[in-house]
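What follows is each chain in one-letter form.
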Amino acid sequence: MQTVLGLAPLLRQSLSGADLTSLGQTLIQRASADPNDSAALMDAAILMQFRGQPELAMELQRAALKIDRQYQVQSSRPARLNLLGIVAPGELMANMPLECLLEDSDIGLTLHYATAEEAHADAFDPNQLPDHDLLFVAIGESDTNRPLLDAWQLRLNDWHKPVINPPPAILRTARDQAHRLLSDIPGVLAPSTWRLDRGQIQTIIAQGHFFPTPPDSSPESIPLILRPVDSHAGQGLVKTESNDEFLTALATFPDQEVFLSPFIDYQSEDGLYRKYRIVMIDGQPFACHMASSRNWMIHYLNAGMEDSEEKRAEEATFMANFDQDFALRHGEALSAIQGAIGLDYLGIDCAELRDGNLFIFEVDPAMVVHAMDPIDLYPYKQPAMRKIFDAFDALLTRRAQESAEPNGIG
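Heads up: these notes are all about the structure in this document.

Definitions and limits used
Residues take numbers from 1 onward in each chain, read along the sequence in its written order. Two thresholds apply to this predicted model, a pLDDT of at least 70 for residue-level local features and 80 or more for giving and counting side-chain atom pairs, whereas whole-chain, interface and lining totals are computed over all residues. Excluding hydrogens and water, the side-chain values take into account all heavy atoms of the structure. Salt bridges, as used here, are contacts in which a Lys or Arg side-chain nitrogen is within 4 Å of a carboxyl oxygen on Asp or Glu. Orientation is described by axes fitted as lines to C-alpha atoms, over the contacting stretch for helices, and by angles from 0 to 180 degrees between their N-to-C directions. Helix and strand definitions follow DSSP, with helices as H or I runs of at least four residues and strands as E runs of at least two, each counted in order from the N terminus. For classification purposes, an angle smaller than 35 degrees is called roughly parallel, one larger than 145 roughly antiparallel, one from 65 to 115 roughly perpendicular, and anything else oblique. Here is the rule for handedness: rotate from the far helix to the near one, and if that takes an anticlockwise turn smaller than a right angle the crossing is left-handed, while a clockwise turn gives right-handed. By the convention used here, residues are in contact when the closest approach between their heavy atoms is within 4.5 Å. Under the scheme applied, nonpolar residues are Ala, Val, Leu, Ile, Met, Phe, Trp, Tyr, Cys and Pro; charged residues are Asp, Glu, Lys and Arg; polar residues are all the others, including Gly. Exposure categories follow from relative accessible area, calculated using a 1.4 Å probe and restricted to protein chains: below 20% of the type maximum is buried, above 50% is exposed, and the middle band is partly exposed. Counted charges follow a simple rule, with Lys and Arg positive, Asp and Glu negative, and His plus the chain ends left uncounted. In short, DSSP must find at least two bridges between two strands for them to pair.

Once that is clear, we can look at the pattern of salt bridges. Pairs can form between side chains of opposite charge whenever their charged atoms are close. A full pass over the atoms with the stated rule returns 22 salt bridges. Note that Arg146 and Glu141 form a salt bridge whose closest N and O atoms lie 3.7 Å from each other.

A few words on the packing of helix H3 (residues 38-50) against helix H4 (residues 54-67). At their nearest, the axes of H3 and H4 sit 8 Å apart, and the two run at 160° to each other. Comparing the axis directions of H3 and H4 gives the class roughly antiparallel. Of the two possible hands of crossing, H3 and H4 adopt the one that is left-handed. Listed contacts from H4 to Ser38, Leu41, Met42, Ala44, Ala45, Met48 and Gln49 of H3 are Pro54, Leu56, Ala57, Met58, Leu60, Gln61, Ala63, Ala64, Leu65 and Ile67. Here the contact of H3 with H4 is composed, by residue class, of 14 nonpolar, 3 polar and no charged.

Turning our attention to the side chain of Lys311. Its location among the elements puts Lys311 in helix H12 (residues 309-320). It is Asp307 that comes nearest to the buried, bridge-free Lys311 among opposite-charge side chains, at 8.1 Å. Setting aside residues no more than four positions away along its own chain, Lys311 makes contact with Ser292, Ser293, Ala303, Gly304 and Met305.

Moving on, we get to the sheet that holds strand S1 (residues 2-4). Ordered in space as S1-S2-S4-S3-S5-S6, the 6 strands form an open sheet in which the pairing is mixed. The open sheet has two free edges, formed respectively by S1 and strand S6 (163-164), since each of these has just one partner strand. As defined by bridge partners, strand S2 (residues 70-73) adjoins strand S4 (residues 107-113) across 3 bridges and the pair is classed as antiparallel. Note on S4: the bridge partner recorded for Gln70 is His112. In the packing of helix H14 (residues 381-401) onto the sheet, contacts are made with strand S3 (81-87), S4, strand S5 (134-137) and S6, and the angle to S5 comes to roughly 130°.

This paragraph deals with the sheet that holds strand S8 (residues 194-196). The 4 strands lie next to each other as S8-S11-S9-S10, forming an open sheet whose pairing is antiparallel. Looking along the sheet, the strands with just one partner apiece sit at the ends: S8 and strand S10 (238-240). For this sheet, the mean angle separating the axes of adjacent strands, direction not counted, is 25°. Sheet topology places strand S9 (residues 224-228) next to strand S11 (residues 258-262); 5 bridges connect them, and they run antiparallel.

Okay, structure coming up:
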């Protein structure tokens, strides 16, 4: 097993604007000089994703995984606990960024890039995996990862160490499943979400209208949102406001399955849209960020937070008052959401509607959470992120102390 720099230090350098060309060249030279240096290949794969070269990144990762599937993440501190993260091959969004939550931690992290085949193998030996005090399933929900999660669900049912974020609960975060689990929670609006396969798309286009029609609505009267399955951060997201717009947009997805949902107008009275990222850790909510924009399709990176002192001041107030304000108003709803999904660690992207309800965009444990924004612009984020990291540490510590009994997963 080799030691990697890992995501956290490389992401920190990238976000700081550092020129990583030299480091990338050094990693490639290392791998060329030593065909067994899979750690260099793995770190180079991360850098290539930062540089917008996903195909090269995946080629490097595949080469690394042919050599070794287990990697210890470099740490400057002696390990008090050893955490084994089960992760999936793929791009950064395929997994929960454990390294960012454990940056500068005294909890040692080893990543095992899992396969469905090994989980199904009759001769599978848990001792083939690195020694650990607890196991964290860091695989994000996606069509690509579903076979992997299904396979490891059976393998982890009676694991000899505590398991955090078990596969069945991760699978409940799929957009079309989550809305069914959350829609009856008081104080929560989780819009209906339909999944359209290729055959349904072709049928709708041929008929010239949407079928089946959403209850009490039609494409002519309610804006609809289309997004490719497994897309995140607004990639491929389309809003349509008429039947013609809907059919035109649908025709751009001939070889993809899509999620369809009604557009919910969450604009505040001042004309701004606000998106909140909350993380639930062991039943307690924490503020991760708040972004505001005139554009309904808002993400933190496109909201212009770095250019607006006013927006940052509002976010600072949101974080400072979170426990006595947002978390107090929505505490019962947030707790019910985590309970319905069944994950000890869960990210929630949401908004507040004018009627006071919590509008849920997405629930996902793989949301990016880090403390790497420039301190001169975002000094208020450091205390808020420290609360998250301390709570995550406390969760892992508590679970590691539990006896290694069957986890009752499901």
